[in-house]
Number of protein chains: 4
Amino acid sequence: MTLSIGIIGTGAIGKEHMRRLNHTLKGARVVAASDVGLEQAQAAIDEVGIEARAYASGHDVINAAEVDAVVVTSWGPTHEEFVLAAIEAGKPVFCEKPLATTAEGCLRIVEAEIASGRALVQVGFMRRFDWAYRQLKALLDEGGIGQPLIAKCAHRNAQANFSGDAGLIDSCVHEFDVMRWLLEDDYVSAQVIQPRVSSLVEGDLQDPSLIILRTRKGMVITIESFLNCQYGYDIRCELVGESGVADLPQPASVPLRHSARDSLGVITHWKDRFIDAFDVEFQEWVDATAKGERHGPTAWDGYVAAVTSDACVKARHSQQVEPIALAERPAFYR
Amino acid sequence: MTLSIGIIGTGAIGKEHMRRLNHTLKGARVVAASDVGLEQAQAAIDEVGIEARAYASGHDVINAAEVDAVVVTSWGPTHEEFVLAAIEAGKPVFCEKPLATTAEGCLRIVEAEIASGRALVQVGFMRRFDWAYRQLKALLDEGGIGQPLIAKCAHRNAQANFSGDAGLIDSCVHEFDVMRWLLEDDYVSAQVIQPRVSSLVEGDLQDPSLIILRTRKGMVITIESFLNCQYGYDIRCELVGESGVADLPQPASVPLRHSARDSLGVITHWKDRFIDAFDVEFQEWVDATAKGERHGPTAWDGYVAAVTSDACVKARHSQQVEPIALAERPAFYR
Amino acid sequence: MTLSIGIIGTGAIGKEHMRRLNHTLKGARVVAASDVGLEQAQAAIDEVGIEARAYASGHDVINAAEVDAVVVTSWGPTHEEFVLAAIEAGKPVFCEKPLATTAEGCLRIVEAEIASGRALVQVGFMRRFDWAYRQLKALLDEGGIGQPLIAKCAHRNAQANFSGDAGLIDSCVHEFDVMRWLLEDDYVSAQVIQPRVSSLVEGDLQDPSLIILRTRKGMVITIESFLNCQYGYDIRCELVGESGVADLPQPASVPLRHSARDSLGVITHWKDRFIDAFDVEFQEWVDATAKGERHGPTAWDGYVAAVTSDACVKARHSQQVEPIALAERPAFYR
Amino acid sequence: MTLSIGIIGTGAIGKEHMRRLNHTLKGARVVAASDVGLEQAQAAIDEVGIEARAYASGHDVINAAEVDAVVVTSWGPTHEEFVLAAIEAGKPVFCEKPLATTAEGCLRIVEAEIASGRALVQVGFMRRFDWAYRQLKALLDEGGIGQPLIAKCAHRNAQANFSGDAGLIDSCVHEFDVMRWLLEDDYVSAQVIQPRVSSLVEGDLQDPSLIILRTRKGMVITIESFLNCQYGYDIRCELVGESGVADLPQPASVPLRHSARDSLGVITHWKDRFIDAFDVEFQEWVDATAKGERHGPTAWDGYVAAVTSDACVKARHSQQVEPIALAERPAFYR
């Protein structure tokens, strides 16, 4: 069975998913697409070169009879309405982060999904599908380092022009989700420490930052967010356990000895680091959806990420340890 | 357009290709399969769980109207007849190594393909499609180490029960092909040096061995073949160039500090090392074949590999430097 | 000129210094030694096999005419009196940490040294003499990563039987000193975060711990102290700078591929990690002392380490950020 | 007891040994020195700043009553006469390579030493004292990889202006000695293979070269000699054993992530690589000589190195496998 998919939002990422679903993955086909206007959607369809129908709005895509499932990759503030509409229409929906722009919005989606009685929503936290994180989780789960006690993450980007809190949260939200999944734990508090700002940072962005999360099981997780590290796109995670220490593997590159250096390459753009994860993420979503299942990050995970982000923003401004208070996880979400 | 494929030979590798083509890759579908008998073919079809027709012989698969292209993965000595028959039938054919069991057999295929006027034959030398070799070639081609002068390869397998020359040749034929492709060069001579035999080797297998190839452009290539190295499946290639040295990247694994060791995992089975290469190899063959093109290893490459293998066997027994005499490469093969 | 040295305290470390000074280093000779009693001192002299005179007390060693300089390696609480006595006698004194058991005691030594008008006191913070820290400092000082912003240290020991705060402070005091030297900066606050305790820790020791230091120049330094990490003795330091990231080099070992692992050895005992640093530390102290100079860690550095330790102990119990308040550094200490 | 040493030859290396013996090592003191003329010797003594007497010739140094042992570091062709004279005078002699400029010359020294009945001669093959080779030998000796079967060495130098065979032999003679010591084996044949010459090589030097040595126990050793590799001074040795593979450790440097590269430094000059080995080599020679012993490379080892060098030069010109024929090792040399 080929899953007929509707894409809501045909910007750069939307078009990549269109290519991915039609040209790379199996078992799916994009049949409909929408953007802010019919012309934009049609232009995207033509550019990607697929056979699909352009619609004037995401709601039309959701309601189109030929659409089995939808992918929401539109402007962030529109995610909530489209996901709610998809739940209303009883159609599986993959929503790129953020699930909603507020924790309350995420909670509304959670409640709607529970009310529908069907697991319809998956959030686009692709790191759970990354080969490196999966290798690390496998080793952890088989007891390779014993009980994990401390995790030290780093999320480094060469250059980025953010302001305010958006940069910190937009990047670290991926750490918020993947670390919960990796450690099978939940956060209880957040603290944000600001070192001196790098002189190579433009504007008033506070960069780098150090986030400290505490978990229910007592772990301490530090996350260094450095949006302007200059040297490349570098994702790190060191797990300190009771009997050993394990690191997130790095992508392989050609060891080169030249000009008195012995070096490996460092990836420079985030897409190059996670391109495979997106393919795996979508193929697994397509396969599960075709069977009426949902195995990836849930609306609850999206809610937790939002609450964690809020706590970090609050902690950054208060310079206090801020609690991460979550309602009890509904039985609906395992 | 979906390429309809016939599989000749439904052993372990044949069934993997059947799964690969139907379940993982795009643009192809297995419609026919044969083995030594109809029952074997049908059993394989049932086991893999695809919709395809079982045939009593490879020739029936080749001639079946619904078959666009064939994959030959039967017993080695049958490859030549099936490839010739596919050329005769004007159908693209992917042939797992060996193209033929003798250099003369390969030459017959070359002549038949040239006579047909169509590029129909691709040989299954998958390392050209391996991410690590491709990274290494890209660096070499952009001048990363200047002109290459010396290459040192190692092909190590944990344990293998071979006798005679089969082990040496069956494994190193992959080095023979990939190094020609990597260096864009041809071999002119072979020498084989035998160290003392490892005491952990059973039977009368001479293992390890050291092959030395000289090339037209003056390079020296050493290939260590160690079928019983005990510790894992390990493929190495060090390129020494005029301005630097580059190594074949190793597959990534989780760095683990435990019990006074800081270690990475070593792959233990060859399939785990090259599983992605097979997918890339077949996807590219399917894509090219659908467009009437052939971009992978040619029948000429299969012929050269056979001549090189023969020279190595001869050199092993003569303990002399043996010439690798090739006819001039036909214009048909670029 | 050969520096005639008196050793105060002939326990394990004292005897090592006796061997080191007489047998390994140049320009010094142990001429006197004391311990809690004459017999212990004589036994040590006999065991090490040197020509030196045993004394009944450290004060006798300090006052002995033939002694040019003293090394204090006695029981911690006795350090202050011996160092003060050496300053009184106008003799250079090398004091193993702690300089004194309290910050006030350190301050008394500082004041006495300033009053004497002579740079006489060096504290045994050997990491400043470690090849790895020196390589890292050289790279940092030549601008290799730009301005440092964040440092992440780890001090891991395989197994240790400590209780209370001693373990944390006794090990991390080395980080406190070397990071000030490395970064040419001073601390302004300390915070201590306690993850869940490792189940492999005996007694009531809180292990591991995470110390967070803020510096005057705005850096954030995290120090993971893990006294029972099981896997080895492992010292780490990652410096995150404006333009790059540099790591403390690891001691070299033989890369070994065996049993499906590709591994390096991890040192298991702290002495094996820093044995060279002690040699360099003492040779440089002997050379400087012979010229009437002092270049190593000063009494002020000892005082700062003590104040930092106190703040960490306080922070561990208060679970608050504790200020590290230092008086202005006297001109006497550069 | 302080060993009184006479230095024969006060060029760059001679002066380094003078500094080393007087200022760094223990138990020795340079008391005499000679060069081609009295003035040169005196100038060196003044430059190094030691108290020693200048002599007009090496023979005067050897015969000087105050000299206990001599170090020969004069022009290569003069080594034989000085070593013979030292044996004649019954004085221990450390001779920098080459022991003599011909194998016959080395044999004359061997015979003279045997006749003297005293182990007096040590040859300056410093790699046996290198920390990396010692680590590798320790692992090999404790069975870390089982019986060694193949060794792959590389001796790479950034740039060198040699001609003829001198470059190949002068550098590889160190491999010839250290590999015999490492593997406790002897050579039986040599072959030299010449790849195309690097275009960055000046003059008529054939560079790089590949030497293949066979050993009595059946090992195969390849030695890549590349005098103009451009990128640095890089010494490599991979030991392939029956159960594993071990590599010669590399000197540690600061891992640096900068400008999209993750790199370590490569040493650029041979002195920086082996500076510690010279210190260990000389300290152990001084210590042994003071006890009337000799533990380092012997005159026999010097002879074997010369025979091996000759065979390599012959093999390079004949392009044949040349035998390395040695007389039976005299009982005098263990």
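Bear in mind the structure is a predicted one, so any value in this text is a computation, not a measurement. (Residues numbered from 1 in each chain as written. Chains lettered and ligands numbered in written order. Predicted model: local features only at pLDDT ≥ 70, side-chain atom pairs only at ≥ 80, totals over all residues. Heavy atoms only, no water.)

1. Notes on the relation of the copies chain A and chain C
Copy one and copy two of the chain differ by a rotation about an axis and a translation along that axis. This is how the line gets drawn: For the least-squares superposition of copies, only C-alpha atoms count, and only for residues with pLDDT at least 70 in both. Contact between two residues is taken to exist if any of their heavy atoms lie within 4.5 Å; hydrogens are not considered.
Turning chain A through 180 degrees and shifting it by 0.0 Å along the axis lays it on chain C, with an RMSD of 0.0 Å. The superposition operator between the copies reduces to a two-fold rotation axis. An overlap of 100% is found between the interface residues of chain A and their copies at the interface of chain C, pointing to a shared contact surface.

2. Here we look at the environment of Ala100(B)
All names here are of chain B. Under the convention used in this document: A run of H or I in DSSP becomes a helix once it reaches four residues, and a run of E becomes a strand once it reaches two; helices and strands are each numbered from the N terminus. Accessibility here uses a 1.4 Å probe with only protein chains present; expressed as a share of the type maximum, an area under 20% marks a residue as buried, one over 50% as exposed, and anything in between as partly exposed.
Its place among the elements puts alanine 100 in the loop between strand 5 (93–95) and helix 5 (103–116). You can call alanine 100 buried: its relative accessible area is 4%. The spacing of alanine 100 and proline 330 is 230 residues in sequence and 19 Å in space, taken between C-alpha atoms.

3. Re the pattern of salt bridges
Heads up, the condition is: Salt bridges are identified by distance alone: a Lys or Arg side-chain nitrogen within 4 Å of an Asp or Glu carboxyl oxygen.
Considering all chains together, one arrives at 116 salt bridges over all chains under this definition. A salt bridge links Glu47(B) to Lys15(B), with the nearest nitrogen and oxygen atoms 3.0 Å apart. Taken as a pair, Glu47(B) in helix 2 (residues 38–48) and Lys15(B) in helix 1 (residues 12–24) lie far apart in primary sequence, 32 residues in all. What makes Lys15(B) buried here is its relative accessible area of 17%. If you follow the salt bridges from partner to partner, you end up with Lys152(A), Glu238(A), Asp247(A), Arg257(B), Asp262(B), Arg156(C), Glu224(C), Asp234(C) and Arg236(C) in one network.

4. Observations concerning the UniProt feature "domain: Gfo/Idh/MocA-like oxidoreductase N-terminal" (unreviewed entry) in chain A
To be explicit about the condition: UniProt positions are given in the numbering used here, feature names are shortened, and annotations may be inferred rather than shown by experiment.
Mapped onto this numbering, the UniProt entry annotates "domain: Gfo/Idh/MocA-like oxidoreductase N-terminal" (unreviewed entry) at residues 4–125 of chain A. Segment residues 4–125 of chain A splits into 44% helix and 20% strand. End C-alpha atoms: 22 Å apart.

5. Things to note about the sheet that holds strand 6 (residues 121–123) of chain A
All names here are of chain A. Our working definition: Note: two strands are recorded as paired if DSSP finds a minimum of 2 bridges between them. Axis definition: a line fitted to C-alpha atoms, limited for helices to the stretch in contact. Angles are taken between N-to-C directions and run from 0 to 180 degrees.
Here 6 strands make up an open sheet; going across it, the order is 3-2-1-4-5-6 and the pairing parallel. Each end of this open sheet is capped by a strand with a single partner; those strands are strand 3 (53–55) and strand 6. Shown here is a sheet whose adjacent strand axes are inclined to one another by a mean of 25 degrees, direction ignored. Relative to strand 2 (residues 28–34), strand 1 (residues 3–8) runs parallel, the two sharing 6 bridges. Considered in strand 2, the bridge of isoleucine 5 is made with valine 30. Set on the sheet, helix 1 (residues 12–24) makes contact with strand 1, strand 2 and strand 4 (69–72); between it and strand 2 the angle comes to about 155 degrees.

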